[in-house]
Protein chains: 2
Amino acid sequence: MASRSDAVANRDRIVETARAELSRSNGAIADLKLHAVAKAAGVGQGTLYRHFPTREHLLAEVYRHELTQLVEAVAPLLAEHPPLAALTAWLDRLVGYARVKRGVMAAIEASAWQDLYADQHHRLDEALGTLLERGQAAGEVREGVDAADVILLLGALSRIPEAEWDRRAITVVALVVDGLRPPAAG
Amino acid sequence: MASRSDAVANRDRIVETARAELSRSNGAIADLKLHAVAKAAGVGQGTLYRHFPTREHLLAEVYRHELTQLVEAVAPLLAEHPPLAALTAWLDRLVGYARVKRGVMAAIEASAWQDLYADQHHRLDEALGTLLERGQAAGEVREGVDAADVILLLGALSRIPEAEWDRRAITVVALVVDGLRPPAAG
DNA sequence: ACCTGAACACCGTTCAAGT
DNA sequence: ACCTGAACACCGTTCAAGT
């Protein structure tokens, strides 16, 4: 038992250290050195690697709370708004998160095309998928678009330079939302 | 003179080797090893580095022709079509290129936010910018969008998994084009 | 079972020595 | 001037040895 609680503590310490390291560098994903995380967390590299086989696994864990909150925000928004309005509200929330923690976008992107972190990502995919399906059923969203398409486009957010974030994030979201509307029948 | 022509030959050989290497790995940017390129090109690493200070510089050179063709395609399209139709045609062309050489998208993305390769990229930025401005003047494109916004969104193309390219590239382009239309005044 | 940390592999980058 | 290629730095990954 002692060893198991050690393992849990190590894991937590690693995640916490990574979070701290990321916020020091303002969430620049590529700047997270696994060597440095292991050292700062006071564990061997092997331990870090055992808990998180890839940097993405670690990132997914670091941003797990944020992602969960985003996923859980979908249902209430859908209950209160028409689908596309709910999507807009949800994206505003995402942009708000991402302004403070740019890494959230990287976590979303990273998890988007990997089956690894299936739990987290499938839930995001499902939540976004539900939004889109409701929108399609209501005729507010064009056919033939799925959550993966939207995640691909939202990846644009993670490549906006810091200094231009406020200006461009709004534009990107507006373009995506309006792009999702059914094309005019003309 | 002899040494200068050697330098030119070396440079060409490097670019040619990189192009070959990239097409072997189907344009997977990250798989391009500079060490390997130098070796295969028969030059020292220092020579490669002297000609191309970063991997992006090398990529920009490898895809220079393609980018030039894309840039030069804009004016004729604008002469023949209304702005948004011209943009659509241009994007179709881009997608056609990218299907064969996925690296073109990477080159566009890479050059998008760096001043380094100013010549190539500024021209792309300008060409796209002209398209958008014409569209805005004609009331076909919403205000407040610039070429950088569009390039950011088109980055989605470079992250489409090979197997899904045909399906998703069309969707992405359609979403971007329709997103660019002026929002309904309601 | 879990951990440590030296060691390996890889790759971008530099630079002293050559021509 | 330009080139070579050994060497360095960095970092992800592995693994023998420890507890």
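Everything numeric in this text was worked out from a predicted model, so none of it was measured.

Peer 1: Help me out: how do you make sense of the protein's contact with DNA strand C in this one?
Peer 2: Taken together, 20 residues are adjacent to DNA strand C, and Asn-10 and Thr-47 of chain A together with Lys-33, His-35 and Tyr-49 of chain B come closest. Of what DNA strand C places within 4 Å of the protein, 62% of the atoms are sugar or phosphate. Contact distances for DNA strand C include 3.3 Å between a phosphate oxygen and a backbone N or O atom of Gly-42 of chain A. Within the contact set of DNA strand C, a phosphate oxygen lies 2.4 Å away from a side-chain nitrogen or oxygen of Lys-33 of chain B. Among the secondary structure elements, those contributing two or more residues to the surface near DNA strand C are α1 (2-24) and α3 (45-51) of chain A together with α2 (34-41) and α3 (45-51) of chain B.

Peer 1: What am I meant to see in the packing of helix α6 (residues 83-100) of chain B against helix α10 (residues 165-180) of chain B here?
Peer 2: When two helices pack together, their arrangement is given by the angle between their axes and by how far apart the axes lie. Residue and element names in this part refer to chain B. One can describe the packing of α6 onto α10 by two numbers: an axis separation of 11 Å at closest approach and a directional angle of 155°. Regarding the angle of α6 to α10, the classification is roughly antiparallel. For the element pair α6 and α10, the recorded crossing hand is right-handed. Residues Leu-84, Leu-87, Thr-88, Leu-91, Val-95, Ala-98 and Arg-99 of α6 form the contact with α10, whose participating residues are Trp-165, Asp-166, Ala-169, Val-173, Val-177 and Leu-180. Taken together, the residues that form the contact of α6 with α10 break down as ten nonpolar, one polar and two charged.

Peer 1: Please explain the interface of chain B and chain A as it appears in this structure.
Peer 2: Residue-level contacts link 26 residues of chain B with 26 residues of chain A. Regarding the contact of chain B and chain A, the summed buried area is about 2200 Å², with carbon and sulfur atoms giving 63% of it. Applying the counting rule to chain B against chain A returns six salt bridges. Across the pair Arg-168 of chain B and Asp-146 of chain A runs a salt bridge, and its minimum N-O distance is 2.8 Å. For the side of chain B that touches chain A, the secondary structure elements donating two or more residues are α9 (147-158) and α10 of chain B. It is α10 of chain B that provides the largest number of residues to the side of chain B that touches chain A, a total of nine residues.

Peer 1: Sorry, what's going on with the side chain of Thr-171 of chain A here?
Peer 2: Among the structural elements, Thr-171 of chain A can be located in helix α10 (residues 165-180). By relative accessible area, which is 13% here, Thr-171 of chain A ends up buried. When residues no more than four places from it in sequence are discounted, the contact partners of Thr-171 of chain A are Gly-144, Val-145 and Asp-149 of chain B.

Peer 1: Is there a simple way to think about the relation of the copies chain B and chain A in this case?
Peer 2: The relation between the two copies of this chain is a rotation about an axis and a shift parallel to it. For the pair chain B and chain A, the relating rotation is 180°, the translation along its axis is 0.1 Å, and the fit reaches an RMSD of 0.0 Å. Considering both components of the superposition, the chain copies are consistent with a two-fold axis. Distance from the rotation axis, computed per C-alpha, reaches its smallest value in chain B at Gly-179 of chain B: 1.8 Å. Of the interface residues in chain B, 100% have counterparts in chain A that sit at the interface too, so the contact is made through matching surfaces.

Peer 1: I tried to follow the UniProt feature "domain: HTH tetR-type" (unreviewed entry) in chain A on my own but got confused; where do I start?
Peer 2: UniProt tags residues 8-70 of chain A as "domain: HTH tetR-type" (unreviewed entry). Segment residues 8-70 of chain A splits into 75% helix and 0% strand. End C-alpha atoms: 26 Å apart.

Peer 1: Looking at this structure, I do not really get the protein's contact with DNA strand D. What am I missing?
Peer 2: The local shell around DNA strand D holds 19 residues, among which Lys-33, His-35 and Tyr-49 of chain A together with Asn-10 and Thr-47 of chain B are the closest. When atoms of DNA strand D within 4 Å of the protein are sorted by moiety, sugar and phosphate together comprise 64%. At 2.3 Å, a side-chain N or O of Lys-33 of chain A approaches a phosphate oxygen of DNA strand D. Contacts to DNA strand D include Gly-46 of chain B, whose backbone N or O atom sits 3.1 Å from a base oxygen. Every element with two or more residues in the surface near DNA strand D is listed here: α2 (34-41) and α3 of chain A together with α1 (2-24) and α3 of chain B. For the surface near DNA strand D, the leading source of residues is α3 of chain B, giving five residues. Each residue belonging to the surface near DNA strand D can be placed in one class, and the counts come to six nonpolar, ten polar and three charged.

Cut-offs used in this document
- Residues numbered from 1 in each chain as written.
- Chains lettered and ligands numbered in written order.
- Predicted model: local features only at pLDDT ≥ 70, side-chain atom pairs only at ≥ 80, totals over all residues.
- Heavy atoms only, no water.
- Near = heavy atom within 4 Å.
- Polar contact = N/O pair within 3.5 Å; in protein donor to acceptor, adjacent residues only side chain to side chain.
- Helix = DSSP H or I, 4+ residues; strand = E, 2+ residues; numbered from the N terminus.
- Axes fitted to C-alpha atoms, helices over the stretch in contact; angles between N-to-C directions.
- Parallel < 35°, antiparallel > 145°, perpendicular 65-115°, else oblique.
- Left-handed = near helix turned anticlockwise from the far one by under 90°.
- Contact = heavy atoms within 4.5 Å.
- Nonpolar A, V, L, I, M, F, W, Y, C, P; charged D, E, K, R; others polar.
- Buried area = accessible area lost by both parts, 1.4 Å probe.
- Salt bridge = Lys/Arg side-chain N within 4 Å of Asp/Glu carboxyl O.
- Buried < 20%, exposed > 50% of the residue type's maximum accessible area, 1.4 Å probe, protein only.
- Least-squares fit on C-alpha atoms with pLDDT ≥ 70 in both.
- UniProt positions renumbered as here; feature names shortened; annotations may be inferred.

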